[in-house]
Amino acid sequence: MIKKCLFPAAGYGTRFLPATKSMPKEMMPVVNKPLIEYGVEEAIEAGLDGMCLVTGRGKNTLFDHFDKNYELEHQISGTNKEDLLVDIRHLMDTASFTYIRQREMKGLGHAILTGRELIGDNPFAVVLADDLCVNEEGPGVLAQMVALYKQFRCSIVAVQEVPKEDIHKYGVISGEVIKDNIFRVDDMVEKPEPGTEPSNLAIIGRYILTPDIFELIENTEPGKGGEIQITDALLKQAKTGCVLAYKFKGKRFDCGSVDGYIEATNYCYENIYLKDKQKTELGKHSTQKSEEA
Ligand code: UTP
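Quick caveat, the model's predicted, so the values are computed rather than measured.

Asker: Sorry if this is basic, but what is going on with the UniProt feature "domain: Nucleotidyl transferase" (unreviewed entry) in the protein chain here?
Answerer: When the UniProt feature table is mapped to this numbering, "domain: Nucleotidyl transferase" (unreviewed entry) covers residues 9-267. In the segment residues 9-267, helix accounts for 32% and strand for 26%; the C-alpha atoms at its two ends are 24 Å apart.

Have a look at this one:
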C-alpha cells in the first residue's frame, strides 16, 4: 500500500524571480490557496496520509502553513471568516507532516534521496507541487496512478504530450504501448537536445516510485546541468526491471513558469473557485429556507 507522498520543495525557483527570492515557489497562491496545498489535497484524495516535505533554506513558511496559527485563529474565531480555514484544517487533521532539509540543491534525484529517511522501505508517491494537476471529470492524477500501481507494482511516471518546441525542457520517454495510455519505458532522456528527443511524451511532476530507486539514485552520477537526475536513476530501473509511463487524464499547469501560473490561476478561478463559491452560497440559501419553513 502506498501511504506516503514526498514533496521535493527545495529548489530555488529561479524562473519566478524576484517573487521567489524570499518566498518558496510552493507557497505561491493560485487564487486563494498555495500550490503545496493543492498537492497535499491531491495526495489525500489518492488515499495517502503521510506528507514528507523536502525543504531548504528560506522555506520556513511551508512548516507554518501546516501548523496552527493560534493568534489568527483566535482573532477570527466565531466570525464567518473561519469558513476560509475549513479546508486546511481538514488537511491537517487527516495527514501527518514531516520535514527534512536538503542542504545543497543537487537536483531532483538528490532531493528524492534526501527524503529516504522519511519514506523508509516502501513504495511512495512524489508530487512536484509547482506542477498543478486538476481533473474535474474523475479522480485526480495521483489517484489514477495509485490505482495503476495496485495493478502493476512498479515505478510509474506521469507523462503528457508536449509540442516539439517545448520538449527540450523535460525528461522525455519512449516505450512500447501495453494498454490504453500506458507505456513500458525503454528509454528516457533528461532535457534532450532539439531533434534528439525519443518521443513527444514529457514526464511531469507526478511519480510512483518503488524503494529500490534510492540505491539506484545513490549510484547515479550527476547528469544534465551537473544535477543528480531522477530520470537517469529511473532509466536504470527501466533497464533492469520495469518502469511504466502513464498518459494521465486531466490538466496540468506548469506553475514554475509565469505563463503556466497565469493559465492555472485563470482556470482555477473560473472552474473551481467560482463554482465552489456558488455551491456554498446555494447551500447556505437552502439551509436558511429550511430554517424559515
Ligand atoms: P525545478 O527545476 O522545476 O525547480 O525542479 P527549481 O529548480 O526550483 O526551479 P527553476 O528551474 O530554478 O525555476 C523540480 C522540482 O524539484 C525540486 C524543486 O523544488 C521542484 O519542485 N528540487 C529541485 C529540489 O527539491 N531540490 C533540487 O536540488 C532541485
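Asker: Is there a simple way to think about the packing of aromatic side chains in this case?
Answerer: Think of a pair of aromatic rings as described by two things: how far the centres are apart, and how the planes are tilted against each other in angle. In this structure the tally under the stated criterion is six aromatic pairs. On the numbers, 5.3 Å between centres and 80° between planes, the contact of phenylalanine 16 with tyrosine 261 is edge-to-face. You can see phenylalanine 16 sitting in the loop between strand E1 (4-8) and strand E2 (29-30) and its partner tyrosine 261 sitting in helix H10 (residues 258-292), a full 245 residues away along the chain. Considered together, phenylalanine 16 and tyrosine 261 belong to a single accessibility category, that of buried residues.

Asker: How should unusual backbone geometry be read in this particular structure?
Answerer: A negative phi angle is the norm for most residues apart from glycine, just as the trans form is the norm for most peptide bonds. With an omega of 5°, the peptide bond between leucine 17 and proline 18 qualifies as cis. The backbone of arginine 153 shows a phi angle near 55°, a positive value even though the residue is not glycine. For arginine 153, the position within the fold is in the loop between helix H7 (141-152) and strand E8 (155-161). Not every positive phi belongs to a glycine, and lysine 191 is a case in point at roughly 40°.

How each quantity is defined
- Residue numbering note: each chain is counted from 1, following its sequence as written.
- Reporting of local features is limited, given that this is a predicted model, to residues whose pLDDT is at least 70; pairs of side-chain atoms are given and counted only at 80 or more, and all residues count toward the totals for whole chains, interfaces and linings.
- Heavy atoms throughout the structure, all of them, feed into the side-chain values; hydrogens and water do not.
- UniProt positions are given in the numbering used here, feature names are shortened, and annotations may be inferred rather than shown by experiment.
- Numbering of helices and strands starts at the N terminus; helices are DSSP runs of H or I of at least 4 residues and strands are runs of E of at least 2.
- Ring geometry is summarised as follows: Phe, Tyr and Trp rings, the Trp one being its six-membered ring, pair when their centres sit within 6.5 Å, and such pairs are stacked at plane angles under 30 degrees, edge-to-face over 60 and tilted between the two.
- Only protein chains enter the accessibility calculation, which uses a 1.4 Å probe. A residue is then buried if its area is under 20% of the maximum for its type, exposed if over 50%, and partly exposed in between.

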